[in-house]
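Chain by chain, the residues:
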Amino acid sequence: MSASNAPRKGPIQSAFDRTGDFMVKGLRLWRILRSRRARRIHSHRQRMSQREDALQKRREDWAARQRRRKTRKPRRVRSARSLMRLERLRQFHRQTPPGRLLALGLAPAAVVSLVVVGLFVFSPTKPRLQPAPVSKAPGPQNLRELQNETARLLTDNRLDEAQKNLEALDKLAPDTFIVLSHHGAMHMLRKDYPAARTAFAKALEVKPDSYVTRYNLAEVEFLTKNYPEAERLFRQMHEVNRGDEIILFRLALCAIFQNSGERFDRYLKEFPPEGRSPARQYAAAARLLQDRKTGEATRLIQQARIIFGDQTIFYDTTFREMGLVK
């Protein structure tokens, strides 16, 4: 049936349809705005809108000033002082003979030419030697720049270039904390986990209070499926910082893979009700996937993606690496 032949809805049915649409939109908006992240995004957009309005007003004022400047008439009236100077100059040129005017114009040019020629003729010409370039020894500033560049290359996964920098760093500052940490990151990216474990352990000996190095060492044990040791290291970090939701997520996964539902429930209770990340939702989804409740786990993951957006990339990558999802 074409749209022209379809029966038209009555006013009551249209009112019911509009009411239903309004209720659905209101429920969706309420579900989104009840989270802290959504409220922060809403307030941020309002501030950006106010800034954009203020900037647009400044642009309009500037454009208006430019239009007023273009419409102004050029000033044609000269000041009295400039008119007097111009009149004196005219009288001087009228009363002075042409030969004298020519002499006054050419005399300064002749003097300048004589001075320049004399400088070239009487000055002794000596060959100038260019100093040889002095090679700068690698100091602390160059070392710091090389370390920062290596970190950027590792972040961009440009491993071959980072390897060359690491070879230079081994000569400049061997067995220092930053160089050992870069070596550990390089081995992790190349999936050489035994070498990464050794590098991070040495870096931890140099700087025992490094939170990031402890996390990397625990992550090596987690990726090699040494879950008891990974849980022990993550628990030490959890005692230092109980608000880190990624550490709680890793602890929950360690408990799941060791088939310890009791420890999983204890870790899940420590998550905040409305967290800053989708860690709680993904931890619960991992338990559902382990129990082969794929439908419930998928709905929970989709809900987390709607609420948290790009923050779920890290957790999706973890699920694929651990074989929970394809």
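S.K.: Please give an account of the overall build of the chain that cites residues and values.
M.R.: When its secondary structure is counted, the chain shows 15 helices and zero strands. A total of about 24600 Å² of accessible surface is found on the chain, and carbon and sulfur atoms cover 56% of it.

S.K.: Now, about the pattern of salt bridges: what can you tell me, with residues and values included?
M.R.: Scanning all chains against the criterion turns up twelve salt bridges. Linking Arg287 and Asp291 is a salt bridge whose minimum nitrogen-to-oxygen distance equals 3.5 Å. We classify Asp291 as partly exposed; its relative accessible area is 41%. Counted as one network, the salt bridges with shared partners bring together Glu231, Arg235 and Arg263.

S.K.: Mind laying out the packing of aromatic side chains, listing which residues take part and the relevant values?
M.R.: Applying the stated rule across the entire model yields nine aromatic pairs. Taken together, the ring pairs in this structure connect Tyr215, Phe222, Tyr227, Phe234 and Phe257 into an aromatic cluster. The cationic tip of Arg266 hangs over the ring face of Tyr267; the distance from NZ or CZ to the ring centre is 5.6 Å.

S.K.: Please provide a residue-by-residue account of helix α7 (residues 177-189), values included.
M.R.: The end-to-end C-alpha distance of α7 is 18 Å, a good match for the 18 Å that 13 residues give at a rise of 1.5 Å each. Where α7 is concerned, the buried positions are Phe177, Val179, Leu180, Ser181, His182, His183, Gly184, Met186 and Met188.

S.K.: Tell me what's going on with a positive patch on the surface, and back it up with residues and numbers.
M.R.: Residues Arg65, Arg67, Arg68 and Arg69 make up a contiguous surface patch of positive charge. By the secondary structure assignment, Arg69 is in helix α2 (residues 36-71).

S.K.: Outline unusual backbone geometry, listing residues and values.
M.R.: Residues other than glycine seldom take positive phi values, yet Lys225 does so here, at roughly 65°. With phi around 65°, Arg292 is a residue other than glycine that occupies positive phi space. Positionally, Arg292 belongs in the loop between α13 (279-290) and α14 (294-308).

S.K.: Any details on the environment of Arg266? Residues and values, ideally.
M.R.: Structurally, Arg266 can be placed in helix α12 (residues 261-269). By relative accessible area, which is 39% here, Arg266 ends up partly exposed. On a C-alpha basis, the gap between Arg266 and Ala252 in space is 8.7 Å, while along the polypeptide they are 14 residues apart.

S.K.: Help me get a handle on the packing of α12 against α13, residues and values and all.
M.R.: Two elements in contact, α12 and α13, have axes separated by 11 Å at closest approach and are oriented at 165°. What the angle tells us is that α12 and α13 run roughly antiparallel. The handedness of the crossing between α12 and α13 is left-handed. Seen from α12, the contacting residues are Gly261, Phe264, Asp265 and Leu268; seen from α13, they are Arg280, Ala283, Ala284 and Arg287. Of the residues in the contact of α12 with α13, the class split is four nonpolar, one polar and three charged.

S.K.: How would you summarise the side chain of Thr318 if you had to cite specific residues and measurements?
M.R.: The topology assignment puts Thr318 in helix α15 (residues 313-321). With relative accessibility at 3%, the residue Thr318 sits in the buried group.

S.K.: With reference to specific residues and values, describe the nonpolar core.
M.R.: Ranked by size, the top nonpolar core spans 43 residues in total, and within it Phe222, Phe234, Phe249 and Phe319 carry the most contacts. Mapped onto this core, the elements with two or more residues apiece are α8 (193-206), α9 (211-223), α10 (227-240), α11 (245-257), α12, α13, α14 and α15. Sorting elements by how many residues they give to this core places α11 first, with nine residues. With residues up to four places along the chain from it excluded, the contact list for Phe234 reads Tyr215, Ala218, Glu219, Phe222, Ile247, Arg250, Leu251 and Cys254. By size, the runner-up hydrophobic cluster in this structure holds ten residues, among which are Leu146, Leu154, Leu166 and Leu169.

Rules used in this analysis
- Residues numbered from 1 in each chain as written.
- Predicted model: local features only at pLDDT ≥ 70, side-chain atom pairs only at ≥ 80, totals over all residues.
- Heavy atoms only, no water.
- Helix = DSSP H or I, 4+ residues; strand = E, 2+ residues; numbered from the N terminus.
- Areas by Shrake-Rupley, 256 points an atom, 1.4 Å probe, with all protein chains shown as cover.
- Salt bridge = Lys/Arg side-chain N within 4 Å of Asp/Glu carboxyl O.
- Buried < 20%, exposed > 50% of the residue type's maximum accessible area, 1.4 Å probe, protein only.
- Phe/Tyr/Trp six-rings, centres within 6.5 Å; stacked < 30°, edge-to-face > 60°.
- Lys NZ or Arg CZ within 6 Å of the ring centre and 35° of its normal.
- Expected span 1.5 Å × (residues − 1).
- Patch = residues over 30% accessible without salt bridge, like charges linked within 9 Å, V, L, I, M, F, W, Y side chains within 5 Å.
- Lys, Arg positive; Asp, Glu negative; His and termini not counted.
- Charge placed at Lys NZ, Arg CZ, Asp CG, Glu CD.
- Axes fitted to C-alpha atoms, helices over the stretch in contact; angles between N-to-C directions.
- Parallel < 35°, antiparallel > 145°, perpendicular 65-115°, else oblique.
- Left-handed = near helix turned anticlockwise from the far one by under 90°.
- Contact = heavy atoms within 4.5 Å.
- Nonpolar A, V, L, I, M, F, W, Y, C, P; charged D, E, K, R; others polar.
- Core = buried A, V, L, I, M, F, W, Y, C linked by side-chain atoms within 4.5 Å.

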